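# Understanding the architecture of this molecule
Listed below, chain by chain, are the residues.
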Amino acid sequence: MRHTLAPLSVVGNGTDLPGLSPVAAARLHLAVVRTVAIIALPASVPIGWVGIATNEPSLVLTGSGCLFIGVVAAWQLLMGRPQAVLLVAISAFVLGVSSVFVAHELAVTLSSSIVVLIMVGISLLPGRRVAAYLAVMVIPWMIHPLVKHTFWGGRSWHALVLYLIQAGVLLFGISSILSLRNEIDRGEDRYTHLFRRAPVALWEHDFTAIQEWLARLRSSGVEDLRAYLAAHPDQVLHGIGLVRTANVNDAAVRLLGAADAGDLLGSIPPALTDSETRRIFAEQFIAIWDAAPALDLEYRGRRFDGTSFDGMLWWSNPAAEHDHLHRVISSVSDLTGLRSTQRELEAAVSSNRALLEAVPDLLFLCDSDGTYRDYHVSAAATGAVHGATESDLYVPPSEFLGKRPHQVLPYHLAEKMMIAVVTALETDCVQSFEYELPIAGEDRYWEMRISPLKGRAQILALVRDITTATRARIELERLVQSKDDFIAAISHEIRTPLTGIVGFANLLNDADRDLDPRERRQMLETLAAQSADLTHIVEDLLVAAKADLGRLELAAVPTSLRAQAAQVLEGWDRDSVHDLTVVGESDTCIGDPARVRQIVRNLISNALRYGGPNVEIRIDQGPSFGTLTVIDDGPGIPPDHIEQAFRPYHRAAPRDGLTAALGIGLPIARTLARLMNGDLTYEHTGEAARFTLTLPLATPAIPLQRTASAAVPIGMFGRSGRR
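Residues numbered from 1 in each chain as written. Predicted model: local features only at pLDDT ≥ 70, side-chain atom pairs only at ≥ 80, totals over all residues. Heavy atoms only, no water.

This part is about the packing of helix α18 (residues 593-610) against helix α20 (residues 665-675). Contact geometry of α18 with α20 gives a least axis separation of 9 Å together with a crossing angle of 145 degrees. Crossing hand, α18 versus α20: left-handed. Contacts from Arg595, Gln598, Ile599, Asn602, Leu603 and Asn606 of α18 reach α20 at Gly665, Leu666, Ile668, Ala669, Leu672 and Ala673. (Axes fitted to C-alpha atoms, helices over the stretch in contact; angles between N-to-C directions. Helix = DSSP H or I, 4+ residues; strand = E, 2+ residues; numbered from the N terminus. Left-handed = near helix turned anticlockwise from the far one by under 90°. Contact = heavy atoms within 4.5 Å.)

Locating Asp234 in the fold gives a position in helix α9 (residues 233-242). A relative accessible area of 48% places Asp234 in the partly exposed class. (Buried < 20%, exposed > 50% of the residue type's maximum accessible area, 1.4 Å probe, protein only.)

Looking now at the side chain of Asp361. Among the structural elements, Asp361 can be located in the loop between α12 (336-358) and β7 (362-367). The exposure class assigned to Asp361 is buried, which follows from its relative accessible area of 1%. Within the structure, Asp361 has its side chain in polar contact with the side chain of Arg464 (distance 2.9 Å). Setting aside chain neighbours within four positions, we find Asp361 in contact with His376, Ala388, Leu462, Val463 and Arg464. (Polar contact = N/O pair within 3.5 Å; in protein donor to acceptor, adjacent residues only side chain to side chain.)

Time to look at the sheet that holds strand β18 (residues 679-684). Strand order across the open sheet formed by five strands is β14-β16-β17-β19-β18, with mixed pairing between neighbours. A single partner strand is all that each edge strand has here, and the edge strands are β14 (581-583) and β18. Each strand of the sheet is rotated relative to its neighbour by a mean of 20 degrees, with strand direction disregarded. Contacts from α20 reach β18 and β19 (689-696) within the one sheet, and its direction differs from that of β18 by about 130 degrees. (Pairing = 2+ DSSP bridges.)

It is worth spelling out the sheet that holds strand β5 (residues 308-316) at this point. Spatial ordering of the open sheet is given by β3-β2-β1-β6-β5-β4, a layout of six strands whose pairing is antiparallel. Edge positions in the open sheet fall to β3 (266-267) and β4 (294-302), since each of these has one partner strand only. On top of the sheet, helix α11 (residues 275-289) reaches β4 and β5; it is set at about 165 degrees to β4, its chief contact.

With six bridges connecting them, β7 and strand β11 (residues 458-465) associate as antiparallel partners. Paired with Leu362 across the bridge in β11 is Val463. Here strand β10 (residues 445-452) pairs with β11 via seven bridges, running antiparallel. Note that in β11 the partner of Trp446 across the bridge is Asp465.

Moving on to the side chain of Thr389. Here Thr389 is to be found in the loop between β8 (372-376) and α13 (411-427). Engagement of the side chain of Thr389 in a polar contact is seen with the side chain of Ser391, the distance being 2.8 Å.

Glancing now at the packing of aromatic side chains. For the structure shown, the criterion picks out 10 aromatic pairs. Here Phe364 and Phe400 contribute two aromatic rings whose centre-to-centre distance is 5.7 Å and whose plane-to-plane angle is 75 degrees, an arrangement assigned as edge-to-face. Of the two residues, Phe364 is situated in strand β7 and Phe400 in the loop between β8 and α13; the sequence distance between them amounts to 36 residues. On the accessibility criterion, Phe364 (10% relative accessible area) is buried. (Phe/Tyr/Trp six-rings, centres within 6.5 Å; stacked < 30°, edge-to-face > 60°.)

Look at α9 against α11: their axes get within 10 Å of each other, and the N-to-C directions meet at 75 degrees. Relative to α11, α9 is oriented roughly perpendicular. Listed contacts from α11 to Val236, Leu237, Gly239 and Ile240 of α9 are Thr277, Arg278, Phe281, Ala282 and Phe285. The residue makeup of the contact of α9 with α11, split by class, is six nonpolar, two polar and one charged. (Parallel < 35°, antiparallel > 145°, perpendicular 65-115°, else oblique. Nonpolar A, V, L, I, M, F, W, Y, C, P; charged D, E, K, R; others polar.)

Here we take up the pairing of strand β1 (residues 201-206). Look at any regular strand and the pattern is simple: side chains alternate between the two faces of the sheet. Of all six residues in β1, five are buried; the element is thus mostly enclosed. As judged from the five bridges shared by β1 and strand β6 (residues 328-334), these two strands associate in the antiparallel manner. Counterpart to Leu202 in the pairing with β6 is Ser331.

Going through the model one piece at a time under the given rule, you end up with 17 salt bridges. The partner of Arg444 in a salt bridge is Asp465, with the nearest N and O atoms 2.9 Å apart. Placement of the pair is Arg444 in the loop between β9 (431-436) and β10 and Asp465 in strand β11, with a sequence separation of 21 residues. Across the salt bridge formed by Glu683 and Arg690, the nearest N and O atoms sit 3.4 Å from each other. A residue is classified by how much of its surface remains accessible, and Arg690, at 18% relative accessible area, is buried. Through salt bridges with shared partners, a single network forms among Arg300, Asp310 and Arg343. (Salt bridge = Lys/Arg side-chain N within 4 Å of Asp/Glu carboxyl O.)

The following block contains the structure:
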């Protein structure tokens, strides 16, 4: 509830007249009183002076009566409460009494003129019936001097002069009053038009009974009306029953859904006295009690058909100034459409806020020159969706709000952003670009979309974290390149032994070619060696493919490292490994014999291709593990290439006379070792390179037979090779 200072209505002063609005009646009362004061006060002075000078008591008495009437009129004007009817009664009594004792023609003429003027003015106020009644009273006053002084007085010329003076006074007064009445009628028409046609619902209420009721409550000891009404809710209904509606306009009829204005006149209809109506009337009663000048209230109103509307009531309290409440104007503005629009707007704002919170991106509002004005981040990352938070900002908000991109971002990125901002504003099209920007020391990839805001010299910058997608793209590109490398390498590796196999097979199959037994034996040995190499390549590829697909199954059985190494050497070309020896004994380890042999074969092949001329296999035993180490006296792997050596397709320069390997031997060997709960490591002691296979020793706690599926892909066929 808010109180306003200016009253919203003009209320009558106790002399309201039928057919006139409070404003028109007040103006006409004021005009009559002013006219009487203007005539009575000046007339009293000469009449009294002449009476004193000529020693005529009748003139002195008449002047005193005029002076009294003028003083009463002036007092009403000074108090701001002109009451023409009261002034008429006083004037008629004073001049009527004085006329009985007055014999002087001048006194009779002036006093009768004043009375006639007052009666004529009053005759213009109420209506035709009262006007006719007063006209009957006026006629005798007008003919009285003529009859008395013309026909009976014997001095016709003197009476005629006095009569003309009286007529002049009356004509002046009557013409003034008629002119004012015409102006008031025009004002009354305007008032009626404004009241009836006002777009705001207007009521004229009579709160006189409320004023008396509240006075009785105060005299009975009630001090806090609000508390009293809260404790006696039936008294609110009693007060509403005392209120009378004097007038309503068309907007009020439409607002409440009434058939016509008659449905709203008189007592407040019971159909409209719901809880909200009781509340607003209680506030009006309290305002009268507290002498508050006015109030305005929002409330939920009720119509005759039971529907509701949102309204704003403006109510004035004339009792705060005049102590009269029989003409109180209230107005109600229909806020239903406004509240509906407001609710829709709030719903839209809530929806937009929800959408904004659901956007997992950084949002920045910037001016046309790039100045950051506002930003938005998610309150926190929730669920499976990671939203941009404060930690994703390049700098804290206090360091970029109110600043331009060149003051915040790296120069090249600020330039790129400003070009996009200018282009978006000029073309009214969204601009986007990608960039890399580290956050908290981590390299991150971002996409910025610049969208112009229509009708505003501002843009909305949406910044999306595309680090995961970019890294995935880079990884995909690497995998594509890896596949290309694989195809190129496998083509070379398979073509090399196949060339020898096909060539020697054709030579041996040529019946026309005369080959001695020694050449034939060498060709067969080469065919066998090349076939073995091709078999090993195919086996490595199959193992790598199964490992990448997670379908590689390994046995876990007692396995002798020395026996597996010896078996590998037995199947090797003796010319290549005739100097290679196995040193040391070991207990039985747990592993897959076939995969152990594959690891040993790859290690020996790696040593022969890339190591020194002297190769040795050493078997050792620890407290819980056994080791097989392949040692060569070659230069070894450079320290910065050690990890790369265990990645697919990495190949060092081969020794003279040996082709380069496919580059998947070491990655497969390490993967197989780890799948068997062991490991494959490399070190260079300064004198020799050492590849060491470690496997757990067999213990009673380990079952004699089990299988395991690969869980560590090598990364050759589209899966990550990282552990």
